[in-house]
Amino acid sequence: MEALYLLIPISVLLVFGALWLFFRAADHGQFDDLVGPGMRVLQDDDRPPSPDDKKT
């Protein structure tokens, strides 16, 4: 029973910490584009890039 006095506050702090990290990541744009990286994997890039594709 005495262990609950320690475990419950620690678990509440852990939940609030996880929520804070999630909302901080969402505010900083971490989850903005979920489809783009998956589509880039499927694109065919066997040919060499053209000079117009180079970004300086």
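Cut-off values and rules
- Residues numbered from 1 in each chain as written.
- Predicted model: local features only at pLDDT ≥ 70, side-chain atom pairs only at ≥ 80, totals over all residues.
- Heavy atoms only, no water.
- Helix = DSSP H or I, 4+ residues; strand = E, 2+ residues; numbered from the N terminus.
- Buried < 20%, exposed > 50% of the residue type's maximum accessible area, 1.4 Å probe, protein only.
- Areas by Shrake-Rupley, 256 points an atom, 1.4 Å probe, with all protein chains shown as cover.
- UniProt positions renumbered as here; feature names shortened; annotations may be inferred.
- Phe/Tyr/Trp six-rings, centres within 6.5 Å; stacked < 30°, edge-to-face > 60°.

Trainee: In this structure, what is going on with the overall build of the protein? I would like to understand it.
Mentor: Scanning the protein from N- to C-terminus turns up two helices and zero strands. Here the protein holds 56 residues, and the buried ones make up 2% of them. When the accessible area of the protein is evaluated, it comes to approximately 5900 Å², of which 64% is carbon and sulfur surface.

Trainee: Hey, could you run me through the UniProt feature "transmembrane region" (unreviewed entry) in the protein in this one?
Mentor: The feature "transmembrane region" (unreviewed entry), as annotated in UniProt, sits at residues 6-23 in this numbering. For residues 6-23, the end-to-end C-alpha separation is 26 Å, with 100% helix and 0% strand making up the annotated structure.

Trainee: Looking at this structure, how should I read the packing of aromatic side chains?
Mentor: Under the counting rule described, the total for this entry stands at two aromatic pairs. Relative to Phe23, the ring of Phe22 lies with its centre 5.3 Å away and its plane at 70 degrees, an arrangement referred to as edge-to-face. Here Phe22 falls in the partly exposed class, since its relative accessible area comes to 43%. Centre to centre, the rings of Phe22 and Phe31 are 5.6 Å apart; their planes meet at 35 degrees, and the pair counts as tilted. Clustering of aromatic rings is evident, with ring pairs tying together Phe22, Phe23 and Phe31.

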